[in-house]
Amino acid sequence: MKKIRTWVLLILFNGIIMIFGFSIFIYKTVQELKHTAITQSFENMRIFSTSVSSILSNYVDDWYALNENTETNWIDTIDKALKDIAQNNKKFRISLLDSNGEILGDSDAEDTQKLENQFDKEEIIKVLNGELATATRKSSLEDVILLYYATPLNLDGENYILRLSIPKHTSIYFTTNIKNMLILTGCIILCFVLLFTSIICFNVIKGLKELDNASKEYTNGNFDYDPRINSTKEISDLSQSFVTMAQCLKSDREKVMQLEKIRKDFVANVSHELKTPITSIKGFAETLLDGALEDKETAKSFVNIIDKESGRLFNIIEDLLDLSRLEQENGKIYSVEINLCSYLPDICKKYDITFISEVEEFFACINPGLFAQAINNLLENAIKYGGEKSEIQCILGKDKTIVIQDKGPGIPPETGDRIFERFYRIDKGRSRDTGGTGLGLSIVRHIVNIHGFSIKETGRLDGESGCRFVIFLDDYKGSV
Ligand code: ADP
């Protein structure tokens, strides 16, 4: 199904709701105004009718004063009087009717004789019943709607009916102007609302499109794409979240790639490290089978090599298993509070290595077996690479450190932390000769870290050549 565009939807909805709302508002307002105008017209007719009544009463009195003993009646001249009154008030038509509904005088008619009897008219019936006599209906003479007002009038002791009428359109003519004005105002407001809605809408849509572009770029791996958005706060915040998300994705991807590289390197290294002794074992075994067994001396030296190489193979596999176990511990090891001042000398004594303590006692939460493995590795390396005469020392420092240092050839400073990488060795041949696997320091770092400590090779501080491994117990973050 084809989706409707947001801006079409917004403008359509806004337009329809506004047109509908305005139409109802204008219709109701005009209706109310018309109603008020008509009520006002009836009220005007009522007020005017009282004036006309008193004018006619005076007229009758005056007539008697002037026309004593004449044959004629004031009624014969009333028609002219009404025309005179209406002359000054052209809005109203004024009629005088007798109580039978006959029109005796009329401000508009040429000949009142020709006018039909009004007895059945609504306002006449109402006035005869003593009700408020108003009516609205179409004129019998013209095609216009008239407003009628009738009131009883006593002249010369007789009851008459005074009726006023006015075309409805003359009382409500102004409502057309107001209606037109309201429609015009409504249209202007509608245009402005639609204009501003469109501007806001397009601005938001532009922002959303840019975000759509950004997500496509991120899908294609371009995490550096920066959506340039100058829109509302919400859209700008959203774009900021997009950028943050892209940066997270980028760093995740880099981490995954790095891990993948580490994995590949590790597999390649393990294969290589395993292949070397196996190739050697296989080669010497084949040579023996090919006849070297006959020569006892040679056979013995070959079997010695096979024994040494299989020992190396065993060591590599042992170390790999250790590493894998440590990785699986995932920071959860059994540990106890141990005073290092008595724990470390016991280990050093085994290797006949000097232990120096700068503190009376130092308690740390460690797994004694694992931690001893780390210290053993460091001490054995010092012996292996520095030599027993290289003044190996193990110092428990007052600055919460354990230092193991020797005065051997040391590690080139540019090596840095790479020394702790698996299978990293400075002198491969030397390492192999001493039965090294290249995994010892990697295991040490794992053990130290799993305790919440850290380790660094700093080089000797006294400027002499040699190694100086420092375990920072200060980084200890509570129980592990
Ligand atoms: P290896 O089994 O080869 O000893 P390690 O991980 O224990 O593996 O050590 C890595 C490398 O670091 C060693 O091959 C060696 O070159 C270097 N190394 C470690 N300790 C010392 C030290 N005390 N003096 C000089 N070099 C050292």
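Here, every reference points to the structure presented above.
Caption draft 1: Quick look at the pattern of salt bridges. Tallied over the entire structure, the rule returns 24 salt bridges. The partner of Asp322 in a salt bridge is Arg325, with the nearest N and O atoms 3.0 Å apart. Here the residue Asp322 and the residue Arg325 both occupy positions in helix α6 (residues 296-329), the gap between them amounting to three residues, near one helical turn. The class of Asp322 is buried, set by a relative accessible area of 17%. Here the residues in one salt-bridge network are Glu123, Arg137 and Arg163, joined through shared partners.

Caption draft 2: Summary view of the sheet that holds strand β11 (residues 454-457). Reading across the sheet, the five strands line up as β7-β9-β10-β12-β11 and stay open at both edges, with mixed pairing between neighbours. Each edge of the sheet is formed by a strand with only one pairing partner; in this case those strands are β7 (354-357) and β11. Averaged over all pairs of adjacent strands, the angle between strand axes in this sheet comes to 15 degrees, irrespective of strand direction. Of the pairings in the sheet, the one linking β7 to strand β9 (residues 393-397) comprises four bridges and is parallel in character. Pairing of Ser357 across the sheet is with Leu396, part of β9.

Caption draft 3: Structural detail: the site of the ligand. Within the structure, the ligand sits among 20 residues, and Asn381, Tyr385, Ser431, Thr437 and Leu441 are positioned closest to it. Note that an oxygen atom of the ligand is positioned 2.6 Å from one of the side-chain N or O atoms of Tyr385. Contact between the ligand and Thr437: an oxygen atom at 2.7 Å from a main-chain N or O atom of the residue. Relative to its unbound accessible surface of 530 Å², the ligand loses 97% to contact with the protein. Elements that contribute at least two residues to the shell around the ligand include exactly α8 (368-386) and α10 (440-450).

Caption draft 4: View of helix α5 (residues 233-289). The end-to-end C-alpha distance of α5, which contains 57 residues, comes to 82 Å, matching closely the 84 Å that a straight helix rising 1.5 Å per residue would cover. Taken as a whole, α5 has its buried residues at Ile235, Ser239, Phe242, Val243, Ala246, Val270, Glu273, Pro277, Ser280 and Leu288. With its phi angle positive at about 135 degrees, Gly291 sits one or two positions after the end of α5.

Caption draft 5: Representation of the packing of aromatic side chains within the structure. All told, the structure shown has 12 aromatic pairs when counted by the stated rule. Judged by centre distance (6.1 Å) and plane angle (75 degrees), the ring pair of Phe420 and Phe469 falls under edge-to-face. Of the two residues, Phe420 sits in the loop between β10 (401-405) and α9 (428-433) while Phe469 sits in strand β12 (residues 468-472), which places them 49 residues apart along the sequence. Just as Phe420 is buried, Phe469 falls in that class too. Ring pairing ties together the aromatic residues Tyr343, Phe371 and Phe453, which thus form one cluster. A cation over an aromatic ring shows up here: Arg137 above the ring of Tyr148, its NZ or CZ 3.9 Å from the ring centre. It is Arg422 that lies over the ring of Phe266; its NZ or CZ is 4.7 Å from the centre.

Cut-off values and rules
- Residues numbered from 1 in each chain as written.
- Predicted model: local features only at pLDDT ≥ 70, side-chain atom pairs only at ≥ 80, totals over all residues.
- Heavy atoms only, no water.
- Salt bridge = Lys/Arg side-chain N within 4 Å of Asp/Glu carboxyl O.
- Helix = DSSP H or I, 4+ residues; strand = E, 2+ residues; numbered from the N terminus.
- Buried < 20%, exposed > 50% of the residue type's maximum accessible area, 1.4 Å probe, protein only.
- Pairing = 2+ DSSP bridges.
- Axes fitted to C-alpha atoms, helices over the stretch in contact; angles between N-to-C directions.
- Near = heavy atom within 4 Å.
- Polar contact = N/O pair within 3.5 Å; in protein donor to acceptor, adjacent residues only side chain to side chain.
- Areas by Shrake-Rupley, 256 points an atom, 1.4 Å probe, with all protein chains shown as cover.
- Expected span 1.5 Å × (residues − 1).
- Phe/Tyr/Trp six-rings, centres within 6.5 Å; stacked < 30°, edge-to-face > 60°.
- Lys NZ or Arg CZ within 6 Å of the ring centre and 35° of its normal.

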